[in-house]
Amino acid sequence: MSEVLLQVQNLVKYFPIKRGIIFKREVGRVHAVDDVTFDIYRGETLGLVGESGCGKSTTGRTILQLYRPSSGRIVFDGDNLVDLQGEALRLKRRRMQMIFQDPYASLNPRMTVGEIISEPLIVHGIAKGQKAEAEVMRLLGLVGLNPAFINRFPHEFSGGQRQRIGIARALALNPSLVVCDEPISALDVSIQAQVVNLLGDLQTQLGLTYLFIAHDLSMVRYICTRVAVMYLGVIVELGNREDLYETPLHPYTQALISAVPIPDPVKEEQRQRILLSGDVPSPINPPTGCRFRTRCPLAADVCAEQRPEFREMKLGHWVACHKV
Amino acid sequence: MMSMIRLIPMPPGKITAGTAMFKGRDLLTLSDDEIRDVRGAEIAMIYQEPMTAFNPVLTVGRQLIEPLEIHLGMNRRQAQQRAEELLGMVGIPNARERLNDYPHQFSGGMRQRAMIAMALVCGPQLLIADEPTTALDVTIQAQIVDLVKRLREELGMAIIWITHDLGLIAGLAHRISVMYAGYVIEQAPIKELYAYPFHPYTISLLNSLPYLDSNRQRRLESIDGLPPILLDKPTGCAFAPRCKYVRERCWKEIPPLIPIDINHHVACWIDPRSGKEHL
Ligand SMILES: Nc1ncnc2c1ncn2[C@@H]1O[C@H](COP(=O)(O)OP(=O)(O)O)[C@@H](O)[C@H]1O
Ligand code: SF4
Ligand code: SF4
Ligand SMILES: [Mg+2]
């Protein structure tokens, strides 16, 4: 598991905020992702966690080049995607797919399941007609849906089944990397385990690599091999699952983990929570220095002046904090 | 649960049977005026979406001050001061200035706090919380839960907390009722329920959850089938289509909620430990 499949280096993505009717001028920028660096190894599941608006989806979408980065490098299978255009980019992009949070919004309601899943095959000129149909049947079976459903429409399925359709579509092009953007957040609790188990089985069967974006830290611990924690556009900590959950180093990670409830009243009674004060600041004017300093219980003068460097504290365990 | 304080307009939502007793009065038989009084003063409610609790065109201060004047007969100065205290109590900094703000000027977490302040305005004895933290991030959720627990202590009010989060409720409630398709299917003191879940749905639900504090790589138990559709009134146990213990009788008769221990009630024909009928 040591071969690097994807390298994200100093990735930055700003969204301009424009005002004016005729002459649009930039009046500010959303600092959605601001200098993020990490690797993903072949066959692993890297978790990307953090609270809403911290830049998880933007990171995922920029990796897939659905957004072009403001700066930085994204090296996939040896090529920097940022330098690629047209056909060369399209060929690379086939190997990276995405599963979305809202399985309904991401499926065209006027297309049958067969059309939805075969579309990428046809667009990329891989299969059409009967061959495509046979492939759709195979994919439906792979994700645990009855192949006889091929002519049905998305609204005829439950949330969990629709997520399976989304997964089948993502797998149609035989990708090596799948970015899962909160794939279970919208599902009924009783259905989440089905989808998680399916993703696990598919990974074993097909040797997939996952970037798993989520805000449910318990589920991330269950699914992921390594975990990166984001706060306001930056990664504050990254490490093996055990290191990160057992000995979190960054004050934000510590507070985040302590805030997650455990479904066990006896443990809950004994737990000490680290309560943060205040809210996450706006990504339009993020704090100088350390992004977390406005809520950090350890903040000192240096935290406002200098941005903490992302350092490897022990093998594979990275953290960005002046006080660690 | 919404129907308990009659937030569901009578048609189309219907209370088909039963009583909802609060301090010896049956809420379902009160007149609309009486209900409004009970609802504002003695029972308060907080929601997932705080904007539903506020009037967007009035300042937060005005919405706190008015009920104090109307329900508690305070004069403007007293009401103003109490409103400020309330905002302070729920952890909103610069309470005096924030009273002049409109609800949309508050951030998500602040709005949730302001809604709690508004719910507390008349010192309710019962607070009904309908997933009030579901839309919030966990660090903010932890702040709100901590606040609510402190207020429960200080003000001695009772809370009904509606949630789908079995983690959150484990650290908050004393007793728990598990509902499925509109029925209470299990009811117990909180520790009893997590240690000795009895109903097949409760058991599966607890086994389907991952735990923050363990690397246990057991497979998550998945519950087959689909979540219930509330439109069809079941003729038997609502969980029957998904239950691995299901048998003939389950399809035909709705199991009643019966005690299996002093404080532990379950609605199931089967004892899942033995797999035999226990009724
Ligand atoms: N297309 C966009 N245009 C402008 N701002 C955006 C866009 N997408 C996301 N943002 C902003 O970027 C920040 C990060 O968003 P996102 O990556 O969606 O966060 P997350 O997935 O962690 O919730 C947020 O402040 C969000 O409002
Ligand atoms: S750098 Fe300073 S403000 Fe940031 S997390 Fe560390 S101690 Fe807190
Ligand atoms: S009554 Fe029957 S179907 Fe319902 S939960 Fe019990 S065993 Fe399952
Ligand atoms: Mg997102």
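All residue numbers refer to position in the chain's written sequence, counted from 1. Note on labels: chains are lettered from A, ligands numbered from 1, in written order. For this predicted model, a pLDDT threshold of at least 70 governs which residues receive local features, and a threshold of 80 or more governs which side-chain atom pairs are given and counted, while totals over whole chains, interfaces and linings are taken from all residues. Neither water nor hydrogens contribute to the side-chain values; these are computed over all heavy atoms in the structure.

A. Structural detail: the overall build of chain A. Think of it this way: any DSSP run of H or I at least four residues long counts as a helix, any run of E at least two long counts as a strand, and we number them from the N terminus. Within chain A, the secondary structure is distributed over 11 helices and 12 strands. Relative to the globule expectation of 20 Å for 324 residues, the C-alpha radius of gyration of chain A, 21 Å, shows essentially globular dimensions. Based on the C-alpha atoms only, the size of chain A along its principal axes is roughly 65 × 60 × 45 Å. Exposure is judged per residue with a 1.4 Å probe applied to protein chains only, and the accessible area is read against the type maximum: over 50% gives exposed, under 20% gives buried, and values in between give partly exposed. Here chain A holds 324 residues, and the buried ones make up 53% of them. His is not counted, nor are the chain ends, whereas Lys and Arg count as positive and Asp and Glu as negative. We put the charge of a Lys on NZ, of an Arg on CZ, of an Asp on CG and of a Glu on CD. Each charge class in chain A was averaged separately, 37 positive and 34 negative side chains, and the resulting centres sit 6 Å apart. Our radius of gyration is a C-alpha quantity, and the globule rule it is checked against amounts to 2.2 Å times the number of residues to the power 0.38.

B. A look at the confidence of the model for chain B. Residues and elements named next belong to chain B. Values of pLDDT, the confidence the predictor places in each residue, fall between 0 and 100. The predicted model of chain B has a mean per-residue pLDDT of 84, with 83% of residues at 70 or higher. Ranking the helices and strands of chain B by mean pLDDT puts helix 8 (residues 190-195) first, with 97, and strand 1 (residues 21-22) last, with 61. The ipTM for the predicted assembly is 0.87, set against a pTM of 0.89.

C. Inspection of the packing of aromatic side chains at higher detail. What counts as a ring pair is set by centres within 6.5 Å for rings of Phe, Tyr and Trp (its six-membered ring), and what kind of pair is set by the plane angle: stacked under 30 degrees, edge-to-face over 60, tilted for all other angles. On inspection of all chains with the given rule, the structure shows 9 aromatic pairs over all chains. Relative to F239 of chain B, the ring of Y201 of chain B has its centre 5.2 Å away and its plane inclined at 65°; by these criteria the two rings are edge-to-face. Placement of Y201 of chain B in helix 9 (residues 200-207) and of F239 of chain B in the loop between helix 9 and helix 10 (248-252) is noted, with a sequence separation of 38 residues between them. On the basis of relative accessibility, which here comes to 9%, the residue Y201 of chain B falls in the buried class. The structure contains a cluster of three or more aromatic residues connected by ring pairs, namely Y231, Y252 and F292 of chain A. Over a ring means this: the NZ of a Lys or the CZ of an Arg is within 6 Å of the ring centre and within 35 degrees of the ring normal. The cationic tip of R98 of chain B hangs over the ring face of F106 of chain B; the distance from NZ or CZ to the ring centre is 4.5 Å. Positioned over the ring face of W269 of chain B is R249 of chain B, at 3.7 Å from the centre of the ring.

D. Representation of the site of ligand 1 in the model. Residue and element names in this part refer to chain A. Around ligand 1, a shell composed of 13 residues is seen, among which G53, G55, K56, S57 and T58 lie nearest. Here a polar contact is taken to be a pair of N or O atoms separated by no more than 3.5 Å, where protein atoms must pair a possible hydrogen donor with a possible acceptor and residues adjacent in sequence count only if both atoms sit in side chains. The separation between an oxygen atom of ligand 1 and a polar main-chain atom of G55 is 3.0 Å. Within the contact set of ligand 1, an oxygen atom lies 2.5 Å away from a side-chain nitrogen or oxygen of T58. Shrake-Rupley sampling with a 1.4 Å probe provides the accessible areas, and residues are treated as covered by the protein chains on show and by no other component. The fraction of the free accessible surface of ligand 1 (550 Å²) that becomes covered by protein chains is 64%. Nearness is defined per residue: one heavy atom within 4 Å of the molecule or strand is enough.

E. Here's a closer look at the interface of chain B and chain A. In what follows, a contact means two residues having at least one pair of non-hydrogen atoms within 4.5 Å. With 42 residues of chain B at the interface, the matching set in chain A holds 42 residues. The term buried area denotes the loss of accessible surface (1.4 Å probe radius) that occurs when two parts are joined, taken as the sum for both partners. Counting the surface lost from both chain B and chain A, the interface buries some 3600 Å², and carbon and sulfur atoms represent 60% of this. In what follows, salt bridge is the name for a side-chain nitrogen of Lys or Arg lying within 4 Å of a carboxyl oxygen of Asp or Glu. Linking chain B with chain A are 3 salt bridges. In this structure, E269 of chain A and K191 of chain B form a salt bridge, with 2.9 Å as the shortest nitrogen-oxygen distance. When residues of the side of chain B that touches chain A are traced back to their parent elements, those giving at least two are helix 5 (108-119), helix 6 (138-155), helix 7 (166-170) and helix 8 of chain B.

F. Region of the structure containing the site of ligand 2. Neighbouring ligand 2 are 13 residues; C290, C296, C303, C321 and K323 of chain A lie closest to it. Of the residues contributing to the shell around ligand 2, the split by class is 9 nonpolar, 2 polar and 2 charged. Residues are grouped as follows: Ala, Val, Leu, Ile, Met, Phe, Trp, Tyr, Cys and Pro are nonpolar; Asp, Glu, Lys and Arg are charged; every other residue, Gly included, is polar.

G. The arrangement of the nonpolar core in detail. I167 and L202 of chain A are the most contacted members of the largest nonpolar core, which totals 69 residues. Ranked by the residues each element gives to this core, the list is headed by helix 6 (residues 189-206) of chain A, at 7 residues. Residues in contact with I167 of chain A, not counting those within four places in the same chain, are I99, V143, V195, L198, L199 and L202 of chain A. Core analysis: the second largest hydrophobic core is formed by 68 residues, I46, V60, I92 and Y180 of chain B among them. For our purposes a nonpolar core is just a set of buried Ala, Val, Leu, Ile, Met, Phe, Trp, Tyr and Cys residues, chained together by side-chain atoms within 4.5 Å.

H. The arrangement of the sheet that holds strand 10 (residues 234-240) of chain A in detail. Residues and elements named next belong to chain A. Reading across the sheet, the 8 strands line up as 6-7-8-3-9-10-12-11 and stay open at both edges, with mixed pairing between neighbours. Since the sheet does not close on itself, it has two edges, and those belong to strand 6 (96-99) and strand 11 (310-314), each with one partner. For this sheet the average axis-to-axis angle between neighbouring strands, irrespective of direction, equals 20°. Here a strand pair is declared whenever DSSP counts at least two bridges between the two strands. Bridge count for strand 10 against strand 12 (residues 317-320) is 2 bridges, and the pairing is antiparallel. Bridge assignment links E237 to a residue of strand 12, and that residue is V319. Axis lines are fitted through C-alpha atoms, for helices just across the contact stretch, and the angle between N-to-C directions can take any value from 0 to 180 degrees. Lying over the sheet, helix 1 (residues 56-63) contacts strand 3 (45-49), strand 6, strand 7 (177-181), strand 8 (209-214) and strand 9 (226-231), oriented at roughly 155° with respect to strand 8. With respect to the sheet, helix 6 is in contact with strand 3, strand 6 and strand 8, its orientation differing from that of strand 8 by roughly 160°.

I. Broad picture of helix 1 of chain A. Residues and elements named next belong to chain A. Among the 8 residues in helix 1, 6 count as buried, and that is most of the element. Listing the buried residues of helix 1 in full gives K56, T58, T59, G60, T62 and I63. Taken from the residues just after helix 1, Q65 is the one with a positive phi, measuring 65°.

J. Examining the environment of S274 of chain B more closely. Residue and element names in this part refer to chain B. The topology assignment puts S274 in the loop between strand 10 (270-271) and strand 11 (276-277). Given the relative accessible area of 44%, S274 is considered partly exposed. At a separation of 3.1 Å, a polar atom in the side chain of S274 contacts the main-chain amide nitrogen of K276.

K. Looking closely at the pattern of salt bridges. All names here are of chain A. Here the structure, examined in full by the defined rule, presents 28 salt bridges over all chains. Residue K92 is joined to D79 by a salt bridge in which the shortest nitrogen-to-oxygen separation is 3.2 Å. Of this pair, K92 sits in helix 2 (residues 86-93) while D79 sits in strand 5 (residues 79-80), and the two are 13 residues apart along the sequence. Put simply, R138 and E135 hold a salt bridge, and the shortest N to O gap is 2.8 Å. Taken together, the residues span about one helical turn, with R138 and E135 both in helix 4 (residues 129-142) at a distance of 3 residues.

L. Quick peek at the packing of helix 5 (residues 159-171) of chain A against helix 6 of chain A. All names here are of chain A. Where helix 5 meets helix 6, the axes come as close as 10 Å, and the angle between the chain directions of the two elements is 20°. Relative to helix 6, the element helix 5 lies roughly parallel. In this structure, helix 5 crosses over helix 6, and the sense of that crossing is right-handed. Contacts from G160, Q163, R164, I167 and L171 of helix 5 reach helix 6 at I191, Q194, V195, L198, L199, L202 and L206. Tallied by class, the residues present in the contact of helix 5 with helix 6 amount to 8 nonpolar, 3 polar and 1 charged. Geometric relationships in this document are graded by angle, where less than 35 degrees denotes roughly parallel, more than 145 denotes roughly antiparallel, 65 to 115 denotes roughly perpendicular, and other angles denote oblique. Crossings are sorted by hand: turned counterclockwise from the far helix by less than a right angle, the near helix makes the crossing left-handed, and turned clockwise it makes it right-handed.

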